[in-house]
Amino acid sequence: MKQMPTRRRSGLRTVAILLSLLLLTGCAQAQAGQTAKAANSMHLAGAEVNVLSSSSYNGFAKVISHSVRIQVDPGYEIADPTAVVEYLAKVGWSVNDARPTTGTTLSFAKPISFDPVEAARKGGWHTTSGTQNSRSSLIYLNLKEVKHRLGTWPGKIPHLPDGAIVKVSDNEPH
Amino acid sequence: MSDETVDGTPLLVEAISTAYTNVTGTFAGQTSVQHDAALDAQAKTNSAVAAAASTAHSNYAKAGHDLQVTFSDVEQMSTSLSSLNRFVGPIVASTASVAGAPDLVASLLLSPLTGAAAESAATTAAAQLAIKLATAEALTLVTASVVTTYQLADSALSGTATSLHLGAGVSVAIWSQTSTMVGVSVRGSIAETSAVLTGLWTTGTAIIETARAINDLAVLSGVIGAVGAASIVDGFLRQPLDVNAFSLSGVWTTATEDMQGALGATGPFYDDILSQLIRDGHTLGFFADGDAHLGKPGHSQDWLDATNLNTAKASASAVLGGAGHFASDDDFRVLPRDLPSLFAGSAQIDAVGGDRLADIRIIDTASADGRATYIVQIPSTQSWDPRAGSTPNDLTSDIYAMRYGSQSALARSVFDAMSAHGIPTGTGPNAPHIMVTGFSLGGITAGAIAADSHGYNIENVVTAGSPIGSMNIPASVHVAALEAKEDAVPTLDGRPNPSSWTTVRQDAYPLLTEHPSSVMSPGNSHDANRYAMMASKNSNTLASSSLDKYFEGPQTIHDYYSSR
């Protein structure tokens, strides 16, 4: 059999590998969302948001969870808790490093002046449960409900609505 | 690679070939599906494979050789299996065509009852044969992939080591689905070989040693793969001939039982096989257990809080249902008030440690008799990489714990944690009550520690999905072991647990977050939350294990973190 030139063979191989990669990655569709690192480097006026991810094995199954923690800067406060809950849930769902296999925990650093569970329920999260300790107030959003409400993973990078976090002086009655 | 065969290898090849000739012969003699005959043939296959593996290894051991076969031997196995497929294929086609034959369809109009029965029988026969063909194909693929690996290994030695990944990919894919044992012993090891080879082949000796190690691992995994696949075939064959009564979970149950029997058939050579695996792994740079030391977690308290809460909530949702929750301390660590919450804690320490470190949890309380009471909870496997990483609860630890018991880095870390916690040794009347517990590797290590307690008063061992049946645990220790029938991991000991233990061996339970009819398999039944479900469904049986003293009273949780 006639041998193909080495360079041509190499080129064909490269094309084949690239085509395979395209097929494997869903026909070259751009990956939505953001990495946890990118999420953690986002600047938010009046608060710091961190994605806390964990990865482990339960038997042979990979367990991935993304928790999102918010700490409001001194001199600021959360004026619209429901909008912040929705925002944080979307931040967690937008992290595209690995598909989460558990629900999302949202952690609010104390002190806060509202009940996160109530804020979540007001926003339509029905399965939310909450707890707290001396450091934080936390709520857990069930994976099934997260999928149902936020759609295809990874979700789009969310934007916090204006007025959700404000300077304390801005929010005081005039 | 040499074309020579060492004494013993022909036995292995011949036995497997003969066994499959028997199966082929059985099929040839069937004018209709004869279930018993097929079962008998399959049993012969299983016992022949297991006996051949044992005999071959015995012969090698006597001759001072390691288990080896040549390329041509493996190729012969593959050829004989392909022949079986060629034989079964036409039977499937002809039987399936009967089910749709016009005469048969017409007979349904004349005699609906008889016609329906005939069609059902024909369809069932076709389904059974199709299953046999599919599983035989899987077996062929397993063997063929070993051949491919051999071919590529040859090439690797002559200059194209990177190609080895291609051969390994097929076998790893099959083995991942076929049996846990194969996954444990080989997964990744061959896949990583090319990189290791690149570093090792600078001298002729290194090349020879590497080739030998690849040979051993490939053959070992090929034999195990063959046994695993034969077990799965048997699982299918033992299913009822009524399609409506067919249960895939039942197939896995039978397959895992067969695996246990086949491994048990290796007898005293089981330890030799593990030793060989470790030795060959060392040649390739794998399974370097080394030492581990206690240290800080390296995570922020915020991360620990979020991870503990997330895991506890996920477990509660799966085990208790939507509104259920486990009691926890101020750091959201689950307080073990019963066995389900104990296993929810297992999932928690696995999540906290991940593949960076082992989270060894000690829960202390005081029992009603005034003596100190400790639960020592050990994490499960968190890295399946054959190269030992930072966490001591990894694949390396699995293999070491099965071979060397309490001599693994993880077990030594557990003793370090017990010592750091101030748990006193001694077994007098005032000695503390101590329970060691864990899921999977955690349970294996718990059993190993109970068998070699270093003077600690271990009174209870509680395991889930752990192969500890062969461990020499003193009779004074109460052992409660949970084993799902579809879970292959607890069968890796090759024998059932002693009758004096409390063993709950049942079908794996679907989680409350799953559909109740979800199929349980070796892939999904090995799950801490499923074992929590099993514990909750068997509280009466497990009550005899005198565990209440560990779950009552105020509890304090301490986490100790260990890394290599």
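Each chain has its residues counted from 1, following the order in which its sequence is written. Each chain is given a letter, starting from A, and each ligand a number, starting from 1, according to the order in which they appear as written. The predicted origin of the model limits local features to residues at a pLDDT of at least 70 and limits the giving and counting of side-chain atom pairs to 80 or more, whereas totals for whole chains, interfaces and linings rest on all residues. Only heavy atoms go into the side-chain values, all of them from the structure, while hydrogens and water stay out.

## Concerning the overall build of chain A
Then step 1. Tallying secondary structure elements over chain A gives six helices and seven strands in all.
Then step 2. Throughout, a residue-residue contact means that at least one pair of heavy atoms, one from each residue, lies within 4.5 Å. Contacts in chain A between residues far apart in sequence, at least 24 positions, make up 69% of those at least 6 positions apart. In this description a helix means any DSSP run of H or I spanning at least four residues, a strand means any run of E spanning at least two, and both kinds are numbered starting from the N terminus.

## Some words on the layout of surface pockets
Left-over empty space is what a probe sized like a water molecule reveals as it rolls over the atoms.
Then step 1. Roughly 780 Å³ of internal volume is contained in the largest pocket.
Then step 2. In the cavity and pocket records, a cavity denotes points on a 1 Å grid over the protein atoms alone where a 1.4 Å probe fits but cannot get out, a pocket denotes an open set with protein on both sides within 12 Å along at least 5 of 7 lines, and lining residues are residues with an atom within 4 Å of a point. What lines the largest pocket is a set of 36 residues, among which A:Thr101, A:Thr102, B:Ala314, B:Leu511 and B:Thr513 lie closest to the centre.
Then step 3. Of all elements in the fold, only strand S1 (47-58), strand S2 (61-72) and helix H5 (143-150) of chain A together with helix H12 (301-319), helix H13 (339-353) and helix H17 (528-537) of chain B reach the threshold of two or more residues within the lining of the largest pocket.
Then step 4. Here the lining of the largest pocket takes six residues from H12(B), the largest share from any one element. Grid points are joined across faces, edges and corners, and a volume is the space filled by probe spheres set on the points.

## Things to note about the nonpolar core
All names here are of chain B.
Then step 1. Grouped together as the largest cluster of nonpolar side chains are 46 residues, with contacts concentrated most on Val376, Met418 and Ile458.
Then step 2. Secondary-structure elements contributing two or more residues to this core are helix H11 (269-283), strand S2 (358-366), strand S3 (372-378), helix H14 (395-404), helix H15 (409-421), strand S4 (433-439), helix H16 (441-451) and strand S5 (458-464).
Then step 3. The contacts of Ile458, once residues within four sequence positions are left out, are Met418, Ile434, Val436, Ile449, Ala450, Ser453 and Val477.
Then step 4. Leu342, Ile363, Val504 and Ala535 belong to the second largest nonpolar core, which has 35 residues in total. Buried residues of nine kinds, namely Ala, Val, Leu, Ile, Met, Phe, Trp, Tyr and Cys, make up a nonpolar core once their side-chain atoms join them within 4.5 Å. Buried residues are those whose accessible area, probed at 1.4 Å on protein chains only, stays under 20% of the maximum for their type, while exposed residues exceed 50% and partly exposed ones sit between those limits.

## Digging into the sheet that holds S2(A)
Residue and element names in this part refer to chain A.
Then step 1. Pairing within the open sheet is mixed, and its five strands lie in the order S1-S2-S4-S6-S5. Both edges of this open sheet fall to S1 and strand S5 (129-132), since each of them pairs with a single strand only. On average, each strand axis in the sheet is tilted by 20° relative to the strand beside it, whichever way the strands run.
Then step 2. Summarising the sheet, S5 and strand S6 (residues 136-141) pair through four bridges and their orientation is antiparallel. Its bridge partner lying in S6, Thr131 is registered against Leu138. Two strands form a pair only when DSSP identifies at least two bridges running between them. Between N-to-C directions, angles cover 0 to 180 degrees, with each direction set by a line fitted to C-alpha atoms, over the stretch in contact for helices.

## Describing the confidence of the model for chain B
Then step 1. For chain B, the mean per-residue pLDDT works out to 71, and 53% of the residues sit at or above 70.
Then step 2. At the level of chain-chain contacts, confidence expressed as ipTM amounts to 0.81, with global pTM at 0.68. Confidence scores labelled pLDDT are given residue by residue by the predictor and lie between 0 and 100.

## Here we look at the pairing of strand S4 (residues 104-109) of chain A
All names here are of chain A.
Then step 1. Of all six residues making up S4, six are buried, and the element is well covered by its neighbours.
Then step 2. Of the two faces of S4, the one lined by Thr104, Leu106 and Phe108 and the one lined by Thr105, Ser107 and Ala109 are each fully buried.
Then step 3. Relative to S4, S2 runs parallel, the two sharing four bridges. Following the sheet pairing, Val68 is matched in S4 by Leu106.

## So, unusual backbone geometry
Residue and element names in this part refer to chain A.
Then step 1. Note that the residue after Lys110, namely Pro111, is joined by a cis bond; omega there is 5°.
Then step 2. Along the polypeptide, Pro111 turns up in the loop between S4 and helix H4 (116-122).
Then step 3. Cis geometry marks the peptide bond from Trp153 to Pro154; its omega dihedral reads -10°.
Then step 4. Within the element layout of this structure, Pro154 appears in the loop between H5 and strand S7 (165-167).

## Notes on the pairing of S1(A)
All names here are of chain A.
Then step 1. Pairing of S1 with S2, which is carried by twelve bridges, proceeds in the antiparallel orientation. Looking across to S2, one finds that Ser55 is bridged to Ile64.
Then step 2. Where S1 folds back on S2, the antiparallel hairpin that results is connected by two residues, among which Gly59 adopts a positive phi of roughly 70°.

## Observations regarding the interface of chain A and chain B
Then step 1. If you look at the interface, chain A gives 27 residues, while chain B gives 30 residues.
Then step 2. Note on definitions: buried area is the accessible-area loss of two parts on being combined, 1.4 Å probe, summed for both. Each partner contributes to the roughly 2,300 Å² buried at the junction of chain A and chain B, and carbon and sulfur atoms together form 54% of this total.
Then step 3. When residues of chain A are sorted by the area they lose upon contact with chain B, A:Tyr57, A:Asn58 and A:Phe60 head the list and together hold 29% of the total.
Then step 4. B:Asp305 is paired through a salt bridge with A:Arg135; the nearest N and O atoms lie 3.0 Å apart. A side-chain nitrogen of Lys or Arg and a carboxyl oxygen of Asp or Glu constitute a salt bridge if their distance falls within 4 Å.

## A word on the packing of aromatic side chains
Then step 1. Pairing of aromatic side chains here covers Phe, Tyr and the six-membered ring of Trp, requires ring centres within 6.5 Å, and sorts the geometry by plane angle: under 30 degrees stacked, over 60 edge-to-face, intermediate tilted. In total, this model carries seven aromatic pairs over all chains according to the counting rule given.
Then step 2. Ring centres of B:Phe286 and B:Phe287 lie 6.1 Å apart, and the angle between their planes is 65°; this geometry places the pair in the edge-to-face category.
Then step 3. Note on B:Phe286: relative accessible area 1%, which makes it buried.
Then step 4. One aromatic cluster in this structure is built from A:Tyr57, A:Phe60 and B:Trp384.
Then step 5. Here A:Arg149 stacks its cationic end above the ring of A:Trp125, 4.4 Å away from the centre of that ring. The rule is short: NZ of Lys or CZ of Arg within 6 Å of the ring centre and within 35 degrees of the ring normal puts a charge over the ring.

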